[in-house]
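Listed below, chain by chain, are the residues.
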Amino acid sequence: MDKGMDRTPLGREFFDRPVLEVAPDLLGRVLVRSTDEGAIELRLTEVEAYAGEIDPGSHAYRGRTARNSVMFGPPGHSYVYFTYGMWHCLNLVCGPEGKASGVLLRAGEIRVGAEMARKRRFSARHDRELAKGPARLATALDVDRALNGVDVVAGRRRPLSVLQGSPVAPDQVRSGPRTGVGGAGAHQPWRFWIDGDPTVSPYRAHAPRRRAT
DNA sequence: TTTCAGATGCTCT
DNA sequence: GAGCATCTGAAAA
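Cut-offs and rules
- Residues numbered from 1 in each chain as written.
- Chains lettered and ligands numbered in written order.
- Predicted model: local features only at pLDDT ≥ 70, side-chain atom pairs only at ≥ 80, totals over all residues.
- Heavy atoms only, no water.
- Buried < 20%, exposed > 50% of the residue type's maximum accessible area, 1.4 Å probe, protein only.
- Helix = DSSP H or I, 4+ residues; strand = E, 2+ residues; numbered from the N terminus.
- Pairing = 2+ DSSP bridges.
- Polar contact = N/O pair within 3.5 Å; in protein donor to acceptor, adjacent residues only side chain to side chain.
- Core = buried A, V, L, I, M, F, W, Y, C linked by side-chain atoms within 4.5 Å.
- Near = heavy atom within 4 Å.
- Nonpolar A, V, L, I, M, F, W, Y, C, P; charged D, E, K, R; others polar.
- Salt bridge = Lys/Arg side-chain N within 4 Å of Asp/Glu carboxyl O.

A. Inspection of the pairing of strand S3 (residues 38-51) at higher detail. Counting buried positions along S3 yields 12 of 14 residues, so the element is predominantly enclosed. Alignment of strand S2 (residues 30-35) against S3, held across 6 bridges, turns out to be antiparallel. By the bridge assignment, Arg33 is partnered in S3 with Ile40. Counted along the chain from S2 to the antiparallel partner S3, the turn is 2 residues long. Here 10 bridges tie S3 to strand S6 (residues 101-112), and the two strands are oriented antiparallel to one another. Residue pairing for S6: Glu41 is matched across the bridge by Val112. Direction of pairing for S3 relative to strand S9 (residues 191-194): antiparallel, over a ladder of 3 bridges. The partner of Val47 across the bridge, within S9, is Phe192.

Listed below in structure tokens is the structure:
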């Protein structure tokens, strides 16, 4: 355990800021997932910002739908969606209400509850692979759409919350653009990660997939 | 070690 | 009906 770790939960005001301020600030914070079996704590090492209005890669870019309606709501809530027919991804809604922006939690380091995470991620060979990638992170933390729209900053016994954690020095934070995004904001660095951290998911250039014959 | 293609079903056009 | 904010296991080098 980290002796210098601050266990104060983050408040609503933390999330009620522009997404590009919140995203890098989430690095080094500790996400707590509480279940009946116990708690899993995860130090965030990689995140990605999604700004609904100007980001062509965002689910909310084309307006409100049944799926993304949580992103249009107040900050400090979780947004969970199902993708590729198999996986869930966990986001935290931020920015002023109505802005439809959020931060995708891409990777992290399990600090507490690794045994529970290993049960769900039995194929992981090393602990650093337990939450290396957004779908793996959601799997390790037992996150599914039942957690969509959960308030992470208020209420007793909430299943998800975020602690202050241990801050990351600014020179440790790296950022870069997403691939395959054009239009407004194409040069905006949407991804943020902790430099050299072994739990950061590997960069993969976007490659067109060949059709099956 | 890196690269590749298949799996899978929800969501929007 | 096409595309998707991905992962995994197998195979090559």
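B. Main features of the environment of Thr35. Of note, Thr35 is situated in strand S2. Its relative accessible area of 21% is what places Thr35 among the partly exposed residues. In this structure the side chain of Thr35 is engaged in a polar contact, spanning 3.1 Å, whose partner is the backbone nitrogen of Glu37.

C. View of unusual backbone geometry. Phi at Tyr84 is positive, roughly 50 degrees, even though this residue is not glycine. Secondary-structure assignment places Tyr84 in the loop between strand S4 (78-83) and strand S5 (87-94). Among the residues examined, Tyr84 registers a relative accessible area of 66% and is labelled exposed. Even without being a glycine, Arg157 presents a positive backbone phi close to 50 degrees.

D. Seen up close, the nonpolar core. With 42 residues, the main nonpolar core has Phe15, Leu26, Val103, Leu105, Ile110 and Leu141 as its most contacted residues. The element that contributes the greatest number of residues to this core is S3, accounting for 6 residues. Among the nonpolar cores identified, the runner-up in size contains 11 residues, and Ala60, Met71, Tyr79 and Ala100 belong to it.

E. Seen up close, the protein's contact with DNA strand C. In the vicinity of DNA strand C lie 18 residues, with Tyr81, Tyr84, Asn91, Arg121 and Arg136 positioned nearest. Tyr50 places a side-chain nitrogen or oxygen 3.2 Å from a base nitrogen of DNA strand C. When contributions to the surface near DNA strand C are tallied by element, the ones reaching two or more residues are S5, S6 and helix H4 (134-140). For the surface near DNA strand C, the per-class residue count stands at 7 nonpolar, 5 polar and 6 charged.

F. Inspection of the pattern of salt bridges at higher detail. The final tally for this structure, using the stated rule, is 15 salt bridges. One salt bridge connects Asp151 with Arg12, and the closest N-O pair in it is separated by 2.9 Å. In this pair, Asp151 sits in the loop between H4 and strand S7 (160-165) while Arg12 sits in helix H1 (residues 12-15), placing the two residues 139 residues apart along the sequence. According to the relative accessible area criterion, Asp151 is buried, its value standing at 19%. Using a relative accessible area of 29% as the deciding quantity, one classes Arg12 as partly exposed. For Arg29, the salt bridge identified is with Asp25, shortest N-O distance 2.8 Å. Overall, Arg29 belongs to the buried group, its relative accessible area being 11%. Assessed through its relative accessible area of 25%, Asp25 is described here as partly exposed. What you see here is one network of salt bridges that share partners, running through Arg17, Glu21, Asp25 and Arg29.

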